[in-house]
Amino acid sequence: MKPGNFRFPEARQCAILLLLLAAHQENSSKAITRFRLSELTLKRLWQRNRITDELLKEVQEWLARADWAIFYAAGLYAMVRIDAVENWDRLSSKRLANELKQVGNGTFDYEKHAHLIASDQDDNDD
């Protein structure tokens, strides 16, 4: 290939490459509903030096047509079949009706619940 002829795969093409990778995994074992990918794997797969938010959004749109979702999570990317997510437990904000009233009137004590955002790693830093 001549250097002047190189073109980055477009978002649709990136989605196809990712689905091809998933299909290869499915052929080697049972059907998969979720998996993770390193950023390096995506860069190699999509022949990019970096993964932009814009590209990821476009790829998400194409993957949704194939019943897959991709997202960034704590230093890696994850893919999950949408139909698998539909079977997960559903949570409703109605469970926090009293707390949401307090938020609305400015009396909710966020600090009382700050431990919810502390990770195990934060505890090990002490």
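Residues numbered from 1 in each chain as written. Predicted model: local features only at pLDDT ≥ 70, side-chain atom pairs only at ≥ 80, totals over all residues. Heavy atoms only, no water.

1. Observations concerning the overall build of the protein chain
1) Next: Scanning the protein chain for helices and strands turns up 6 helices and 3 strands.
2) Next: Written out in order from the N terminus, the α and β elements of the protein chain read α-β-α-α-β-β-α-α-α.
3) Next: By residue count, 21% of the 126 residues in the protein chain fall in the buried class.
4) Next: Contacts in the protein chain between residues far apart in sequence, at least 24 positions, make up 55% of those at least 6 positions apart. (Helix = DSSP H or I, 4+ residues; strand = E, 2+ residues; numbered from the N terminus. Buried < 20%, exposed > 50% of the residue type's maximum accessible area, 1.4 Å probe, protein only. Contact = heavy atoms within 4.5 Å.)

2. Quick notes on the packing of aromatic side chains
1) Next: Under the counting rule described, the total for this entry stands at 3 aromatic pairs.
2) Next: One cation-aromatic arrangement involves Arg 12 over Trp 62; the distance from NZ or CZ to the ring centre is 5.8 Å. (Phe/Tyr/Trp six-rings, centres within 6.5 Å; stacked < 30°, edge-to-face > 60°. Lys NZ or Arg CZ within 6 Å of the ring centre and 35° of its normal.)

3. Describing the pairing of strand β3 (residues 76-81)
1) Next: As judged from the 4 bridges shared by strand β1 (residues 34-37) and β3, these two strands associate in the antiparallel manner. By the bridge assignment, Arg 36 is partnered in β3 with Ala 78.
2) Next: In terms of strand pairing, strand β2 (residues 68-73) meets β3 through 6 bridges, oriented antiparallel. Paired with Phe 71 across the two strands is Ala 78, which belongs to β3. (Pairing = 2+ DSSP bridges.)

4. Observations concerning the environment of Glu 54
1) Next: Within the fold, Glu 54 resides in helix α3 (residues 53-65).
2) Next: For the pair formed by Glu 54 and Ala 11, sequence separation is 43 residues and the distance between their alpha carbons is 9.3 Å.

5. Focus: the environment of Leu 76
1) Next: With respect to the helices and strands, Leu 76 occurs in strand β3.
2) Next: Sequence separation between Leu 76 and Leu 40 is 36 residues; the distance between their C-alpha atoms is 9.2 Å.
3) Next: If we ignore the near neighbours within four places in the chain, the residues touching Leu 76 are Arg 36, Leu 37 and Phe 71.

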